[in-house]
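Here's the letter readout for the chains.
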Amino acid sequence: MTSAPHIAVIGGGSTGTGIARDLAMRGLDVTLVEQGNLTHGTTGRMHGLLHSGGRYAVSDQASAEECIEENRVLRDIASHCVEMTGGLFVKRPEDSEEYFQKKLSGCEACGIPAEVISGEEARKMEPHLATDIDKAISVPDGAVDPFRLVVANAASAQEHGARIETHSKVTDLLVEDGEVVGVEVEHDSGTGERVHGRTGGTEEIRTDYVVNATGAWAGRIGDMAGLDIEVRPSKGVMTIMNVRQVDTVINRCKPKGDADIIVPHETTAILGTTDEEVDDPEDYPEKQWEVDMMIDTLKELVPMLDEARTIRSFWGVRPLYEPPDVGSDDPTDITRDYFLLDHEERDSLGGMVSIVGGKFTTYRMMGEEISDHVCGKFGIDADCRTADVPLPGSEDFTVLRDYMDEFGLQSPIGRRSVERLGSRAEEVLQTDGPNPVVCGCEGVTRAEIQDAIEGSGSDLNAVRLRTRASMGNCQGGFCCHRMANELHTEYDESTTRAAWDELLQERWKGQRHALWGEQLSQAMLNYALQATTQNRDNDPAEDDSIDFAAFDSGPEDVEVVSDASVAADGGYDGN
Amino acid sequence: MSDAESPPEFDPEAPNTGEDFEPVDVFPDSDDFDLRPGADSCYKCSTCDTNCPVAEVDDEFPGPKFQGPEQWRLKQSEEDYDVDDSVMDCSNCMRCDNACPSGVPLSQMHNTARGEYVSEQMSKFSVEYWRNRILSNYRTSAWLASKMPRVANAAMNFGPARWVMEKTMGITSEREFPAFATETFREWWRAEGGAAGSRERAVASRERRGEDPDADKKVAYFHGCYSNYNTPEVGKAMVRVYEHFGYEVVVPEQKCSGTPMFANGMLDDARRHAEANISSMADLVEQGYDAIASCTSCSMALRQEYPELFDIDGVDEVSSHTFESLEYLRIHEDVRDELGAADVDGELAREFAYHAPCHARNQGLNNQAVELFRDVEGVGIEDVGDSCSGISGTYGWKSEKYDKSMEIGAEMFEHMEDADGKTGMTECPTCAMQMEHGTGYDIRHPLELLEAALVE
């Protein structure tokens, strides 16, 4: 072989982008295709826990050991995506002492630093913990932003020559002579960055090898080549609280069960979760009782959750897999381990491997194993470097505090921006023009939005994932239009309008599950504002564009008012 | 994906209309600085920002929504997350509390953030820190000045001295310092026989009024610093009016209410003073006294800020037994009826231009003076509108804030000048300074007029 082998990676989640980065760093020619945004599938629908391994320390010690190993790696290479909050396994009076001891010895056996603290010490760390919590085990759990991590992996892969195609759905596997030789994809809007309204098209991407990293969707890809991949998707609900009631990950120290974890995530806290097998990863019921049950159960750990505001809920599907001969009935019994399915060995179909099972925390390790496998196929001897080379944004993180003040931003906004951008902060935030706050809830400025637009085209949902703009307590009520405004003038009116529509739809989607109390007031205010000032209550069937030229352009000879006499509220000088 | 099923029950939030004056207990389990959960009530409507008088004139000031719920939500833990320095530009008028349709504890968030900023981020060697500390500890300066009031009055407004204060401390030389009385209220009170004298006079009043001479009518007067050192006539009027209605007055040991300290983030100082005040008031409240303040910011501090900011024994009891002086009489006595028969002649038979202080507004008291006096024979009263006077205690005394303070006050000055009356009236001592500074009018307290109408 004269040139580097060309590998198609299907799936733009943590596993897919992790593999793409690894292979690209080893010098292979990589094309990654994803049907939606990056993190569109399971990665974007998780609670953001960076496992210490504690959760698996009794039931699945092999997974637990992998978790603590990768936990340490990610703190290094992805420092701008990780917040080391620490975690607690808390024991209520009715919870088993025997299990508590097992958890502790399990942690010790797996090399997870664990320490028992009293209920009082736990409440000192987390004042909102229930007063009857007996004691807790403290472990190095953390919080990780999956969006930022995946975007950074994709960016790194691109830096190493990979091609990343989002909104490009695989419609077929190309099979010739008993071997997979490529994929057929349907581009939603052409290739490269997404631009709304641009004509897409079908492309045949011919490759030397295909990696199926589609998680819960792996069975669907397998079907295209007549392969039987027995993924068992299992849904779980997660509810986002408006503020962080806790700054430490709170796990309930119980064998297994629903609603047993609270993860502080950026400005919010995420409650999780449930575990129920579903047939279709894209079509399953989302029920209000699941949300109610979670709040009711978790308030046993943090009573104030009962009255606290939730801003939205979402469901994700785990890509669980177990070899067909195991036959677990309950999805909670299925291992969280990952499996590499070499279809040549398994199904006598060359040219493709699938990776199934596993979990977010060990994505890099899975990527390494798959990349070793792929390199082995082509006799390439290249070392994996993904555990040592920091991701873009996580280089030289220590200098951050020095330039916190330099961007002319208010403290908490500057702080949040720098946390999100990591070592890229300076290049993004150092701007000559005015840099107003676009999203007040999350503290996102124009410069950061513009940087995201450069990376993701007109796709405002992708901008949202990169920046967190519109993910705060008003859920975009006060900033979706401002974000859309940032697309102008680079994109025309109809593109901007389509991107804005899509963002609004996405924002309303998750709020449907939070429409009571304060978030209902918020939703009503958002609706009223968007209806009365943005014509959002128009007929959705009518999509004629607006003839702006038909509107009055204002009085011709308006007197120009100097800045000095304009009051901050837009009124003129106190009148 | 399928649609979610809607929640079966609809349980709307009761809006806090500001009618019930209840301090917000955001965080009952702990007394640390975390007010993040208070952000849950905010739905970003920005009504607070449109009601903020500072935001209207200061384009650099991000406004109460940012200072309060947004900043708290973005903050994470005290050590790592700085409070933005713009919190020092808030004048603590607390109008945002009233403006909020959703019960966000805005002023509590601002006071707490400011306290954190001053204690953790502001240099204790800076001129600003010491200027603010001196301004907010007005009681100490006033106490010193009251020892030799004539000298102090001359010295404090001596041109070169003021020039030095402006240059070295940043205290504006545009304003005249208020004069110190030659006899403080407390000195007068002692000379009048103190509590024993008051009891005798109250019993005589009850007999004259045909009430039970042993009626349980007793109040503890929180005069505040200004009535004591600068305007003892207000304190005297309070005592005479209350005794007229048959109340025994006691004047307990007291310190500054803490209002200027909250506004300057000096929470340690404020707590020390609050502890002293609560300690002397709590005993009296237990004996059946109600606490009465003639300054609306003092009553505000005892009622709202103390319980919101401090966990002191007895704070809730004192808070729920504190009233403003006119408010209390209007609750318990038929003041209007008596005023209907009254006739004011003499020095105060004038037309008044009345300004309701922001802190009176927050306690729902913005109409009380106009409602009381509009039908009184011999006087006229006119409300000059709902704008802020702009001085907000120490805010307007700072050189860098002086122009903004006057810009905020411009609307009030203009309305005062348009009013028939050429005498001002307000409950708040610093609003009175601003009214006088902007118009040159003489400014009186409603208690003084009540005294003129009802007492002898």
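All of these numbers come straight from a predicted model, not from anything done at the bench.

So, on to the overall build of chain A. Within chain A, the secondary structure is distributed over 16 helices and 23 strands. Radius of gyration (C-alpha) of chain A: 25 Å, near the 25 Å computed for a compact globule of 575 residues. Across its three principal directions, the C-alpha atoms of chain A cover 80 × 65 × 50 Å. Here chain A, with 575 residues, has 54% of them falling under the buried criterion.

What follows deals with helix α23 (residues 429-439) of chain B. Residue and element names in this part refer to chain B. When you tally the buried positions in α23, you get ten out of eleven residues, the bulk of the element. Of the positions making up α23, those classed as buried are P429, T430, C431, A432, M433, Q434, M435, H437, G438 and T439. Residues of α23 that are buried make contact with α12 (224-229), α22 (399-418), β7 (423-425) and β8 (442-444). Once α23 ends, the next one or two residues include G440, with phi positive near 80°.

Its location among the elements puts B:G210 in the loop between α11 (194-209) and β1 (218-222). With 43 residues separating them in the primary sequence, B:G210 and B:E253 have C-alpha atoms 33 Å apart.

This next bit is on the interface of chain A and chain B. Accessible area lost on assembly of the parts is the figure often given for the size of an interface. Each side of the interface is counted separately: chain A has 43 residues, and chain B has 43 residues. Among the secondary structure elements, those contributing two or more residues to the side of chain A that touches chain B are α10 (411-421) and α16 (517-534) of chain A. No other element matches α16(A), which puts five residues into the side of chain A that touches chain B. Split into classes, the residues belonging to the side of chain A that touches chain B amount to 15 nonpolar, 16 polar and twelve charged.

Before going further, it helps to spend a moment on the environment of B:R150. Secondary-structure assignment places B:R150 in helix α8 (residues 149-156). With 32 residues separating them along the chain, B:R150 and B:T182 place their C-alpha atoms 7.2 Å apart.

Residues and elements named next belong to chain B. Segmenting chain B into domains produces domain 1 (36-120) and domain 2 (338-454). Between domain 1 and domain 2, the C-alpha centre-to-centre distance is 28 Å. Contact residues are listed per partner, giving eleven residues for domain 1 and eleven residues for domain 2. Broken down by secondary-structure element, the contributors of at least two residues to the side of domain 1 that touches domain 2 are α2 (53-57) and α4 (95-99). The residue makeup of the side of domain 1 that touches domain 2, split by class, is five nonpolar, three polar and three charged.

Residue and element names in this part refer to chain B. Across the sheet, four strands lie side by side as β2-β1-β3-β4; this open sheet has parallel pairing. Pairing within the sheet leaves two strands with one partner each, and these edge strands are β2 (248-250) and β4 (322-324). Here the average twist between neighbouring strands, direction ignored, is 35°. Here β1 pairs with strand β3 (residues 290-293) via four bridges, running parallel. Bridge pairing in β3 places A220 opposite A291. Most of the contacts of helix α16 (residues 296-309) go to β4, to which it runs at about 160°, and overall it touches β1, β3 and β4.

Relative placement of two packed helices is described by the angle separating their axes and the distance separating the axes. Residue and element names in this part refer to chain A. Between helix α12 (residues 446-456) and helix α13 (residues 460-467), the least distance of the axes is 9 Å, while the angle of their chain directions is 125°. Considering the angle they form, α12 stands oblique to α13. Crossing of α12 over α13 shows right-handed handedness. Contact residues: α12 offers E448, I449, A452, I453, G455 and S456, while α13 offers A462, V463, R466 and T467.

Residue and element names in this part refer to chain A. Here K135 shows up in strand β7 (residues 135-139). Assessed through the 19 C-beta atoms surrounding it within 10 Å, K135 is described here as partly exposed. Sequence separation between K135 and V116 is 19 residues; the distance between their C-alpha atoms is 7.2 Å. Once residues within four sequence positions are removed from consideration, K135 is found in contact with K91, V116, I117, S118 and G119.

Moving on, we come to the packing of α13(A) against helix α15 (residues 493-511) of chain A. All names here are of chain A. It is at 8 Å that the axes of α13 and α15 come closest, and there the two elements cross at 55°. Classed by the angle they form, the pair α13 and α15 counts as oblique. The residues of α15 that touch α13, namely those facing L460, N461 and R464, are A499, W500, E502, L503 and E506. In the contact of α13 with α15, the residues fall into four nonpolar, one polar and three charged.

Attention now goes to the domain arrangement of chain A. Residue and element names in this part refer to chain A. When the domains of chain A are assigned, the result is domain 1 (6-41 + 147-230 + 337-377), domain 2 (49-142 + 234-314) and domain 3 (397-540). Once you take the C-alpha centre of each, domain 1 and domain 2 turn out to be 31 Å apart. On the side of domain 2, 13 residues touch domain 1, which itself brings ten residues to the contact. Of all the secondary-structure elements, those providing two or more residues to the side of domain 1 that touches domain 2 are α5 (146-159) and α9 (363-377). It is α5 that provides the largest number of residues to the side of domain 1 that touches domain 2, a total of three residues. The residue inventory of the side of domain 1 that touches domain 2, partitioned by class, reads five nonpolar, two polar and three charged.

Here we come to the sheet that holds strand β12 (residues 201-206) of chain A. Residue and element names in this part refer to chain A. Pairing is antiparallel across the open sheet formed by three strands, whose spatial order is β10-β11-β12. Taken across any chain shown, the strands that pair with only one partner, and hence form the sheet edges, are β10 (168-176) and β12. Neighbour-to-neighbour, the strand axes of the sheet open up by a mean angle of 25°, direction not taken into account. Strand direction decides the pairing type here: β10 and strand β11 (residues 179-187), joined by eight bridges, are antiparallel. Looking across to β11, one finds that V170 is bridged to V185.

Residue and element names in this part refer to chain B. Mean pLDDT over chain B stands at 91; residues scoring 70 or higher make up 92%. Contacts for the low-pLDDT stretch residues 1-8, under 50 throughout, to residues beyond four places or in other chains number 18 contacts. Contacts of residues 10-31 to residues separated by more than four positions or lying in other chains number 33 contacts, the stretch itself having pLDDT below 50. For this predicted complex, the interface confidence score (ipTM) comes to 0.87, while the overall pTM stands at 0.88.

Rules behind the numbers
The written sequence of each chain sets the order in which its residues are numbered from 1. Here every chain gets a letter starting at A, and every ligand a number starting at 1, in the order they are written. Residues qualify for local features only when their pLDDT is at least 70, as the model is predicted, and side-chain atom pairs are given and counted only at 80 or more; totals for whole chains, interfaces and linings, by contrast, use all residues. A run of H or I in DSSP becomes a helix once it reaches four residues, and a run of E becomes a strand once it reaches two; helices and strands are each numbered from the N terminus. This radius of gyration counts C-alpha atoms alone. The globule rule is 2.2 Å times how many residues there are, raised to the power 0.38. To sort residues by exposure, count the other C-beta atoms lying within 10 Å of each residue's C-beta; 20 or more gives buried, 12 or fewer gives exposed, and values between give partly exposed, all with C-beta atoms placed from the backbone. By definition, residues are in contact whenever their C-beta atoms, placed on the basis of the backbone, come within 7 Å of each other. Three residue categories are used. Nonpolar comprises Ala, Val, Leu, Ile, Met, Phe, Trp, Tyr, Cys and Pro, charged comprises Asp, Glu, Lys and Arg, and polar comprises the others, including Gly. By convention here, the domain bounds are inherited from an automatic or database domain assignment. Here the rule is simple: two strands pair whenever DSSP picks up at least two bridges between them. Axis definition: a line fit to C-alpha positions, over the contact stretch in the case of helices; interaxial angles, taken between N-to-C directions, run 0 to 180 degrees. Oblique is the label for any angle not under 35 degrees, not over 145, and not in the 65 to 115 range, which are roughly parallel, roughly antiparallel and roughly perpendicular in turn. When the near helix sits turned anticlockwise from the far one by under a right angle, the crossing is termed left-handed; a clockwise turn instead gives a right-handed crossing. pLDDT expresses how confident the predictor is about each individual residue, on a scale running from 0 to 100.

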